[in-house]
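# Summary of the model geometry
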Protein chains: 2
Amino acid sequence: MASPAVDFARNNQQRFLNELKDLLRIPSVSTLEEHKADVQKAAEFVANDLRRIGMENVEVIPTKGHPLLYADWLHAPGKPTVLCYAHYDVQPPDPLDEWKTPPFDPTERNNNIYARGAVDDKGQLWMEVKALESLMKSGNGKLPINVKVIFEGEEEVGGESITEYVRKQKAKLKADFALVCDTELFAPNLPTLCVGLRGLVYTEIEAVGAMIDLHSGVYGGAAPNPFFALIEIISKLKDSKGKVLIPGFYKGVKAPSKDELKAWKRLPFNEEHYRKTEVGSKVLTGEPGYSVLYRTWARPTLEVHGMPGGFTAAGAKTVIPAKATAKVSMRLVPNQDPDDILKRYTAFVKKLTPKGIETKIKVHSKGPASVVGTDNPYIKAATEALRDTFKKETVFIRSGGSIPIVNDFYQALKIPSVMMGFGLPDDNLHAPNEKFHIPNFHHGIETICLFFEKLGGK
Amino acid sequence: MASPAVDFARNNQQRFLNELKDLLRIPSVSTLEEHKADVQKAAEFVANDLRRIGMENVEVIPTKGHPLLYADWLHAPGKPTVLCYAHYDVQPPDPLDEWKTPPFDPTERNNNIYARGAVDDKGQLWMEVKALESLMKSGNGKLPINVKVIFEGEEEVGGESITEYVRKQKAKLKADFALVCDTELFAPNLPTLCVGLRGLVYTEIEAVGAMIDLHSGVYGGAAPNPFFALIEIISKLKDSKGKVLIPGFYKGVKAPSKDELKAWKRLPFNEEHYRKTEVGSKVLTGEPGYSVLYRTWARPTLEVHGMPGGFTAAGAKTVIPAKATAKVSMRLVPNQDPDDILKRYTAFVKKLTPKGIETKIKVHSKGPASVVGTDNPYIKAATEALRDTFKKETVFIRSGGSIPIVNDFYQALKIPSVMMGFGLPDDNLHAPNEKFHIPNFHHGIETICLFFEKLGGK
């Protein structure tokens, strides 16, 4: 089980960390126009290192927004091809006065490195680059598998450019699987692989009553109020316990495997602690008979996000609005078909629409759940690599949300993603004093080395 | 029945109209800062004429906003005292390109005078002033009753200053009744008196679930959504037919008299025409068994005006908001007590609030319905005066809305208002090509002369 790549990585830990600090010093805040040049600079920094370590066809690709970065090394015939993903843009550092040390002056404390982007996602991007270097240097300029790299600089602002690029460059990006390093461990020192994401159908219901806004004094009692129509409709879409009432909504739902369910029960998760510290509500809601993890990972839901229309400013205005809208989304699980669900939802909304009101449904987005089997060969190899590093069995989890890039890879390239992340739940993502636990940075590099070596048949 | 005042008015029709045109040329748009001096100028214009015709104690009263105008003549001992109300500010004239002739260049066409403020409310204000002049000049410098005048320049922007003034100057403004000239006839040539207004309780329900906004992917299925709480609550406040379900809500409701109901049936009102041209909806809503006029004038209602909270911009955001709100108001009729209704409403909302959600109710405004009996002596005299002018019986109507000044007079001064207006339903209030039918201007002056003469015992 000796790995020359892991040996190389261990001998170069200090240099790898110093390089990461250099990358963290570039304030590549993608949402701020004044940092546009810095995002470009971060891309060039990474591109230069990829060239230096022997990656080929390194390209900084201009887009309408921030650049993409591509590289490859494709000289392992008969071996699998991985598409490595990460991002080099970061969130703004505000509020600045809550940082103990400056966000772009990376500082070590208690075996952590503190800086904006430390864990999200420059530290995890650099794990991938340094794993490639370790494999290349210890392998006489060769990698055990074929590697394509696609890094982006717009993850924190919606990632439009990469979505467009993935859809247009299917052949160029074609691979057997993707490695996505942008998530976290379920708990410290607990090797974790996320193998499922819920899908999403996001809609807007527009209800129209009168032709113009009317005075509620003069017309109240005669003019239809579209808010009441929406309220009547939505009150019948889901019961008070959280069960969705759209006919056939649960028809395709595939339950998680018994092994998954068993594993979830063993996770260090306390519902009361979660309620108090994460949600901060008096009670948790949701379908009876399912645990919180089951409900948020593997049960479909329906939520209202906002109800624009009428008078929303401070104070009082006595208007019966002509039009009111509701933003309603559904989270989907395997094997619910988004088109089928949308059809059932639309028909039900139409059926519930009161006489005299016209409803229209606009679809903002639509994507299925994605789940990788735990017996998938790439997941299996990743599991073994994690076990070798952490000396512990990997836990398989899911996530209730969707990760857009995983969805893009799944839908455009038809490939699964291995979501292997080394962040910790208390790493302060998007918040002041973001950090990355230094041992996890090195664990990450070593795990990726072992993972690719296993897939290369070593 | 010969009236020297009416004779005087008839002999001075052209001059009265010319003076009105001068007043209409002043662009006293109260909502636009650049017209502040014009509102002042309009006040001075009216004040000068009141002084000229012999009114006393004429005062242009500065306020935080636009000036108020006070005048009186109190030398008719033993006779009633009237408080005359109107306003000299106007709406902005936009959109300018839809005016056939310029809004501040009054023009006669088809026996109408076209200008911004022609009917709302400078024309009707000038009716009052010219009636006072006619009475004074034909009565040897004496009026048949005691008269106080309070005119404002902020009606189109909320009328805060007059409300404050009325509350503070109860003794100064004390009168037996108010004459409010700011409304319209139900139909052309149909003398109309509005004898009832609905009351209003306007609230905002705030519902709180989690402590912060949460991602609906990660937390959907576990975190309570305050929008569902509001939807659940509001769906139970009113049934789909329009019946309010708050226990005891209809307890105090006093039905209109049989005479009123009979009179309403005779009004030229076509529900289908109203639905198509005024509301523009597919159907009208409201409690079965009541006519549209009954429902909007004399039945209480409950409406939702807006539901701020969560994500209301264009597009999609997957948020479970920590907080959502709903602006909910109730129109009240005689003899519903606003405090009692608010108590019942609050208790019912609390009862309907789902477990785990906290609701708070904020009250924006609260006022009872006001109805004057058709046998009230001032209403009776007004009725007779209208009949003498129009040679037709007066119809008594109500209005579903509230007229804030009538409410102020009712609550602060404890006096009823005679709402005697001479506008027409097609006078384009607040719209381009606002007009006042010139015969109605003169009818108004003559009616007020006759009204005051009757009350003076002539």
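Residues numbered from 1 in each chain as written. Chains lettered and ligands numbered in written order. Predicted model: local features only at pLDDT ≥ 70, side-chain atom pairs only at ≥ 80, totals over all residues.

Before going further, it helps to spend a moment on the overall build of chain A. If you tally the helices and strands in chain A, you get 15 helices and 18 strands. Taking 23 Å as the expected radius of gyration for a compact globule of 458 residues, we find that chain A reaches 25 Å, a close match to that expectation. If one aligns the C-alpha atoms of chain A with their principal axes, the spans along those axes are about 80 × 50 × 45 Å. Per-residue burial for chain A yields a buried fraction of 53% across its 458 residues. For chain A, restricting intrachain contacts to residue pairs at least 6 apart in sequence, the fraction spanning at least 24 positions comes to 79%. (Helix = DSSP H or I, 4+ residues; strand = E, 2+ residues; numbered from the N terminus. Rg over C-alpha atoms; globule rule 2.2 N^0.38 Å. Buried ≥ 20, exposed ≤ 12 C-beta atoms within 10 Å, placed from the backbone. Contact = placed C-beta atoms within 7 Å.)

Facing 68 residues of chain B, the contacting portion of chain A comprises 67 residues. Of all the elements in the fold, those that place two or more residues in the side of chain B that touches chain A are β10 (214-215), α7 (216-219), α8 (226-235), α11 (292-298), β11 (301-310), β12 (319-320), β13 (323-332) and β14 (358-367) of chain B. Here the element with the most residues in the side of chain B that touches chain A is β11(B); it accounts for nine residues. Looking at the side of chain B that touches chain A residue by residue, the classes come out as 26 nonpolar, 31 polar and 11 charged. Bridging between strand β11 (residues 301-310) of chain A and β11(B) involves three bridges; their strand directions are antiparallel. In the sheet register, A:G306 faces β11(B), and the bridge partner there is B:G310. (Nonpolar A, V, L, I, M, F, W, Y, C, P; charged D, E, K, R; others polar. Pairing = 2+ DSSP bridges.)

Glancing now at the relation of the copies chain B and chain A. Taken together, a rotation about one axis and a shift along it account for how the two chain copies relate. Between chain B and chain A, the superposition needs a rotation of 180° and an axial shift of 0.0 Å, giving an RMSD of 0.1 Å. As the rotation angle and translation indicate, the two copies are arranged about a two-fold axis. Taking the C-alpha atom as reference, chain B places B:I231 closest to the rotation axis, 2.6 Å from it. Mapped onto chain A, 99% of the interface residues of chain B are again interface residues, and the two copies thus contact each other with one and the same surface. (Least-squares fit on C-alpha atoms with pLDDT ≥ 70 in both.)

In this structure, A:P95 follows A:D94 across a cis peptide bond, with omega equal to -5°. Along the chain, A:P95 falls in the loop between β3 (81-87) and β4 (107-109). The omega torsion of the bond from B:P334 to B:N335 falls at -5°, within 30 degrees of zero and hence cis. Locating B:N335 in the fold gives a position in the loop between β13 and α12 (338-352). The phi angle at B:N140 is positive, at roughly 55°, despite the residue not being glycine.

It is worth spelling out the domain arrangement of chain A at this point. Residue and element names in this part refer to chain A. Here chain A is partitioned into domain 1 (4-196 + 370-455) and domain 2 (199-253 + 300-367). Taken over C-alpha atoms, the centre of domain 1 sits 40 Å from the centre of domain 2. Across the contact, five residues belong to domain 1 and five residues belong to domain 2. (Domains from an automatic or database assignment.)

Attention now goes to the sheet that holds strand β5 (residues 112-114) of chain A. All names here are of chain A. With respect to topology, three strands assemble into an open sheet ordered β4-β5-β18, the strand pairing being antiparallel. Each edge of the open sheet is held by one strand with a lone partner, namely β4 and β18 (435-437). On average, adjacent strands in this sheet sit at an angle of 25° to one another, irrespective of strand direction. With three bridges joining them, β4 and β5 adopt antiparallel strand pairing. Its bridge partner lying in β5, T107 is registered against Y114. The strands touched by helix α15 (residues 438-455) are β5 and β18; relative to β18, the strand with the most contacts, the crossing angle is about 65°. (Axes fitted to C-alpha atoms, helices over the stretch in contact; angles between N-to-C directions.)

What follows covers the pairing of strand β8 (residues 192-197) of chain A. Residues and elements named next belong to chain A. Along β8, six of the six residues are buried, which leaves the element largely enclosed by surrounding structure. By the bridge criterion, four bridges tie β8 to strand β16 (residues 395-399) in an arrangement that is parallel. Paired with T192 across the bridge in β16 is V395. Alignment of β8 against strand β15 (residues 370-371), held across two bridges, turns out to be antiparallel.

Taken in spatial order, the eight strands make up an open sheet running β14(A)-β9(A)-β13(A)-β11(A)-β11(B)-β13(B)-β9(B)-β14(B), and their pairing is antiparallel. Two strands bound the open sheet, and with one partner strand each, they are β14 (358-367) of chain A together with β14 of chain B. When strand polarity is set aside, the average angle formed by the axes of neighbouring strands in this sheet is 25°. Here strand β9 (residues 199-208) of chain A runs beside β14(A); their pairing, made up of nine bridges, is antiparallel. Residue pairing across strands places A:E204 opposite A:K362, the latter belonging to β14(A). Packed on one face of the sheet, α8(B) meets β11 of chain A together with β9 (199-208), β11 and β13 of chain B and runs near 20° to β13(B).

Take the packing of helix α2 (residues 13-24) of chain A against helix α4 (residues 118-138) of chain A next. The packing of two helices is summarised by the inter-axis angle and the distance between the axes. Residues and elements named next belong to chain A. Closest axis-to-axis distance for the α2/α4 pair is 10 Å, and the angle between their directions is 135°. Looking at the two axes, α2 sits oblique to α4. Where α2 crosses over α4, the handedness of that crossing is right-handed. Contacts between α2 and α4 involve F16, E19, L20, L23 and L24 from the first element and A118, K122, G123, W126 and K130 from the second. In terms of residue class, the contact of α2 with α4 is built from six nonpolar, one polar and three charged. (Parallel < 35°, antiparallel > 145°, perpendicular 65-115°, else oblique. Left-handed = near helix turned anticlockwise from the far one by under 90°.)

Turning to helix α3 (residues 36-53) of chain A, a few remarks are in order. Residue and element names in this part refer to chain A. With 18 residues, α3 extends 27 Å from end C-alpha to end C-alpha; this agrees with the ideal 26 Å at 1.5 Å per step. Within α3 the residues assigned to the buried category are D38, V39, A42, A43, V46, A47, D49 and L50. Check the buried side of α3 and you find it contacts α2, β1 (56-61), β2 (68-73), α4 and β6 (146-152). G54, located one to two residues past α3, shows a positive phi value of around 110°. (Expected span 1.5 Å × (residues − 1).)

Residues and elements named next belong to chain B. In the contact formed by helix α13 (residues 377-390) and helix α15 (residues 438-455), the axes pass within 8 Å of each other and the chain directions differ by 135°. Judged by the inter-axis angle, α13 sits oblique to α15. Along this stretch, α13 crosses α15, giving a crossing that reads as right-handed. Mapping the contact onto sequence places A381, A382, E384, A385, L386, D388, T389 and F390 in α13 and H443, E446, T447, L450, F451, K454 and L455 in α15.

Atomic detail in the predicted coordinates should be set aside for any region of low pLDDT. Taken over all residues, the pLDDT of chain A has a mean of 95, while the share at 70 or more is 100%. We note a pTM of 0.86 for the whole complex and an ipTM of 0.87 for its interfaces. (pLDDT = per-residue confidence, 0-100.)

Another aspect to go through is the environment of A:H35. All names here are of chain A. Mapped onto the elements, H35 comes out in the loop between α2 and α3. Residue H35 is classed as buried on the basis of its 20 C-beta neighbours within 10 Å. Each C-alpha atom of the pair H35 and P92 lies 9.9 Å from the other, and the pair is 57 residues apart in sequence.

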